[in-house]
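Single-letter residue listing:
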Amino acid sequence: LLLLFAFSVGGMLNYLGISAFLRISDAAFLNLSLLTGDAWAVLYSVYAEHIYPPGTFYVALVITVTGVLIYETAPSPVTDNKVEERPEVLGEIQLVENVDADTDTEREVSTTVQEGRVFV
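Note that the structure is predicted; figures quoted are calculated from it, not measured.

1. A few points about a nonpolar patch on the surface
- A surface patch of nonpolar side chains, amounting to about 440 Å² of accessible area, comprises Leu1, Leu4 and Phe7.
- Following the sequence through the fold, leucine 4 ends up in helix α1 (residues 2–24).
- Looking at leucine 4, the relative accessible area reads 54%, which means it is exposed.

Structural data, given as structure tokens:
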């Protein structure tokens, strides 16, 4: 039961951490960072267990680290997380609605905006 609780808490912390990371950066960098996580496992297996990976692992690691370096040298595609404020719309709004598609007759609907609400 304790292991189930630890697994649940670990999963929750994982998802909270990923969502916090995605507020700061974007998904491409997250994926590149997750790919470099295998390097830590290989370091453990080499130093603690004396098991060495094949040469293709080092080629893949170099490609992954190169991708991270190239990604980090470019300007960030993530803009400010500030919400753009739009000016309030006040006054009359004219809407045009198609009534009959065959005859193309249109009727105008007048709406008024008051205190953020739209009245037709």
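2. Things to note about the packing of aromatic side chains
- Considering all chains together, one arrives at three aromatic pairs under this definition.
- Consider the rings of phenylalanine 29 and tyrosine 71, whose centres lie 5.8 Å apart with planes at 10°: the pair is stacked. With phenylalanine 29 in helix α2 (residues 27–47) and tyrosine 71 in helix α3 (residues 55–73), the pair connects residues that are 42 residues apart, well separated along the chain.
- Take phenylalanine 29: its relative accessible area is 18%, and that puts it in the buried class.
- Connected via pairs of aromatic rings, a cluster forms that spans Phe21, Phe29 and Tyr71.

3. What about the environment of glutamate 72?
- For glutamate 72, the position within the fold is in helix α3.
- For the pair glutamate 72 and phenylalanine 29, spaced 43 residues apart in sequence, the C-alpha separation works out to 8.5 Å.

4. Comments concerning the confidence of the model for the chain
- Of all residues in the chain, 62% attain a pLDDT of 70 or more, and the chain-wide mean is 76.
- Here strand β1 (residues 91–100) is the element of the chain with the lowest mean pLDDT, 54, and α1 is the one with the highest, 92.

5. Thoughts on the side chain of threonine 64
- Within the element layout of this structure, threonine 64 appears in helix α3.
- Classification of threonine 64 by relative accessible area gives buried; the value is 15%.
- From its side chain, threonine 64 meets the backbone oxygen of alanine 60 in a polar contact 2.9 Å long.
- Contacts of threonine 64, omitting those with residues within four sequence positions, involve Leu32, Leu35 and Thr36.

6. Overview of α3
- Between its first and last C-alpha atoms α3 spans 28 Å; for 19 residues at 1.5 Å apiece the expected length is 27 Å, and the two agree.
- Listing the buried residues of α3 in full gives Phe57, Thr64 and Val68. Down the axis of α3, the sector holding all buried residues measures 40°, keeping them to one side. Away from its buried face by more than 90 degrees, α3 exposes Gly55, Thr56, Val59, Val62, Ile63, Leu69, Ile70 and Thr73.
- Where α3 is buried, its residues contact α2.

Analysis parameters
- Residues numbered from 1 in each chain as written.
- Predicted model: local features only at pLDDT ≥ 70, side-chain atom pairs only at ≥ 80, totals over all residues.
- Heavy atoms only, no water.
- Patch = residues over 30% accessible without salt bridge, like charges linked within 9 Å, V, L, I, M, F, W, Y side chains within 5 Å.
- Areas by Shrake-Rupley, 256 points an atom, 1.4 Å probe, with all protein chains shown as cover.
- Salt bridge = Lys/Arg side-chain N within 4 Å of Asp/Glu carboxyl O.
- Helix = DSSP H or I, 4+ residues; strand = E, 2+ residues; numbered from the N terminus.
- Buried < 20%, exposed > 50% of the residue type's maximum accessible area, 1.4 Å probe, protein only.
- Phe/Tyr/Trp six-rings, centres within 6.5 Å; stacked < 30°, edge-to-face > 60°.
- pLDDT = per-residue confidence, 0-100.
- Polar contact = N/O pair within 3.5 Å; in protein donor to acceptor, adjacent residues only side chain to side chain.
- Contact = heavy atoms within 4.5 Å.
- Expected span 1.5 Å × (residues − 1).
- Arc of directions from axis to C-beta.

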